[in-house]
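One letter stands for each residue in the lines below.
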Amino acid sequence: MNNTIASIKKYFSFVKFSHTVFALPFALIGFSLAVASSDHDFSLRLLLLIILCMIFARNAAMGFNRFADRKFDALNKRTASREIPAGKISVRSAGVFVIINAILFVITTAFINKLTLFLSPVALLVILGYSLTKRITALCHFILGLGLSLAPIGAYLSVTGRFDLLPVIYSFIVITWVSGFDIIYSLQDDEFDKDNKLYSIPSFVGRTNAIIISAIVHFITFILVITAGIYGNSGYLFWIGATIFSTLLLYQHIIIKPSDISRVNLAFATTNGIASITFAAFVISDLFI
């Protein structure tokens, strides 16, 4: 029993399961938009299937990222303690983990509707392909954002089986929000990326310019949040959530400076996790109250 628990904890750490808080709240927004604005009633079964899709897809994506980057992780002091380079999880086990989660993701989409099943290979291509983009382009941050942006539109499609503008706006919010904070996160490895011929915005344009680019991208996020509120004819609860979310975006730029990135983890994980959960709570409450 203790060995089983230890193994589960090991794989939770392997995929940074706690970081599910970035995309899952936006999937719940997409689901709620569909239920609130269509003829479809709330379905607990469908909601659970969407959550399972999110978990399986993210497990596959993060597992593949760790699998693909294992040699670089072993060379980088910051990442050398990760499960594969540290020998806690074998390369074979990591590969099997990725394949199982990818298969479970596709199978789960089949229980939702034909459209989600048809689009599932495309989603996998995007979320798995991100891990290789750092080898070819400094725009890799935006590919990561694109992968996570599938959450709100994917959840909406799961309920309605059709595309609509409002969930697409929320997907663009996720693209810019995630891309912006991933640029901040990658400040930690700017020198390592240069030395190992890996691409990122900080390694390409330097820390100062990277922080400026991140701020510009997050300003676009702010504009998109305003757009979503206006287009969705939102009430006061939405605007409270939008204010908190935008303030937290600003906060992470206040605490990060080119000469001092010691609070990157506070900006990346804690601040954005709180921002995502809080924003989703207020948006969903506004839809139903």
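Residues numbered from 1 in each chain as written. Predicted model: local features only at pLDDT ≥ 70, side-chain atom pairs only at ≥ 80, totals over all residues. Heavy atoms only, no water.

Undergrad: Could you give an account of the overall build of the protein, naming the residues involved and the relevant values?
TA: Helix and strand counts for the protein come out as 13 helices and 0 strands. Overall, the protein shows an N-to-C arrangement of helices and strands of α-α-α-α-α-α-α-α-α-α-α-α-α. The C-alpha atoms of the protein give a radius of gyration of 19 Å, which matches the 19 Å a tight globule of 289 residues would have. Expressed along its principal axes, the backbone C-alpha trace of the protein runs to roughly 55 × 45 × 35 Å. Counting over 289 residues, the protein shows a buried share of 50%. The contacts of the protein with a sequence gap of at least 6 include a subset with a gap of at least 24, amounting to 74%. Charge centroids of the protein, computed over 22 positive and 14 negative side chains, lie 8 Å from each other. (Helix = DSSP H or I, 4+ residues; strand = E, 2+ residues; numbered from the N terminus. Rg over C-alpha atoms; globule rule 2.2 N^0.38 Å. Buried < 20%, exposed > 50% of the residue type's maximum accessible area, 1.4 Å probe, protein only. Contact = heavy atoms within 4.5 Å. Lys, Arg positive; Asp, Glu negative; His and termini not counted. Charge placed at Lys NZ, Arg CZ, Asp CG, Glu CD.)

Undergrad: An account of the environment of L46 is requested, with residue identities and associated values reported.
TA: Examined against the element boundaries, L46 turns out to sit in helix α3 (residues 44–68). For the pair formed by L46 and I211, sequence separation is 165 residues and the distance between their alpha carbons is 40 Å. In contact with L46, not counting residues within four places along its chain, are F31, I112, S158 and V159.

Undergrad: Can you explain the environment of L287? Please cite residues and give values.
TA: Position of L287 among the secondary structure elements: in helix α13 (residues 264–288). In sequence terms L287 and T271 are 16 residues apart; their C-alpha atoms lie 24 Å from each other. Beyond its immediate chain neighbours, meaning those up to four positions away, L287 contacts S32, L33 and A36.

Undergrad: Which residues make up the nonpolar core, and what values go with them?
TA: Counting 67 residues, the largest nonpolar core has F26, Y170, I256 and F279 as the members making the most contacts within it. When residues in this core are grouped by element, the largest group, 11 residues, is from helix α8 (residues 165–185). Those residues in contact with I256, other than ones at most four positions away along the chain, are I184, L187, I211, I261, R263, V264 and A267. Of all hydrophobic cores here, the second largest spans 7 residues; its members include F14, V15, A94 and F97. (Core = buried A, V, L, I, M, F, W, Y, C linked by side-chain atoms within 4.5 Å.)

Undergrad: Please set out the packing of helix α2 (residues 24–37) against α3 residue by residue, giving values where relevant.
TA: Running from amino to carboxyl end, α2 crosses α3 at an angle of 150°, the nearest separation of the two axes being 11 Å. By the angle between their directions, the pair α2 and α3 is classed as roughly antiparallel. Here α2 and α3 pass one another in a crossing that is right-handed. Contacts between α2 and α3 involve L24, A27, L28 and F31 from the first element and L46, L47, I50, I51 and M54 from the second. Considered class by class, the residues forming the contact of α2 with α3 number 9 nonpolar, no polar and no charged. (Axes fitted to C-alpha atoms, helices over the stretch in contact; angles between N-to-C directions. Parallel < 35°, antiparallel > 145°, perpendicular 65-115°, else oblique. Left-handed = near helix turned anticlockwise from the far one by under 90°. Nonpolar A, V, L, I, M, F, W, Y, C, P; charged D, E, K, R; others polar.)

Undergrad: Which residues make up the packing of aromatic side chains, and what are the values?
TA: Two measures describe an aromatic ring pair: the distance that separates the ring centres and the angle between the ring planes. All told, the structure shown has 19 aromatic pairs when counted by the stated rule. For the pair Y11 and F14, a centre-to-centre distance of 6.1 Å together with 90° between the ring planes defines the contact as edge-to-face. Here F14 and Y11 lie together in helix α1 (residues 2–14), a separation of 3 residues that amounts to about one turn. F14 sits in the buried class, given a relative accessible area of 1%. Taking the centre distance of 6.2 Å and the plane angle of 85° together, the rings of F22 and W177 count as edge-to-face. A residue pair is termed long-range when its members are at least 10 positions apart, and F22 in the loop between α1 and α2 and W177 in helix α8 qualify at 155 residues. You can call F22 buried: its relative accessible area is 5%. You can call W177 buried: its relative accessible area is 0%. An aromatic cluster is present here, built from F22, F26, Y170, W177, F181, Y185, F238, W239, F245, F268 and F279 joined pairwise through their rings. (Phe/Tyr/Trp six-rings, centres within 6.5 Å; stacked < 30°, edge-to-face > 60°.)

Undergrad: Give me the lowdown on unusual backbone geometry, citing residues and values where you can.
TA: Even without being glycine, K197 reaches a positive phi, approximately 55°. Tracing the sequence through the fold places K197 in the loop between α9 (190–195) and α10 (201–205). The phi dihedral of N233 falls on the positive side, at around 50°, and the residue is not glycine. Examined against the element boundaries, N233 turns out to sit in the loop between α11 (207–231) and α12 (236–254).

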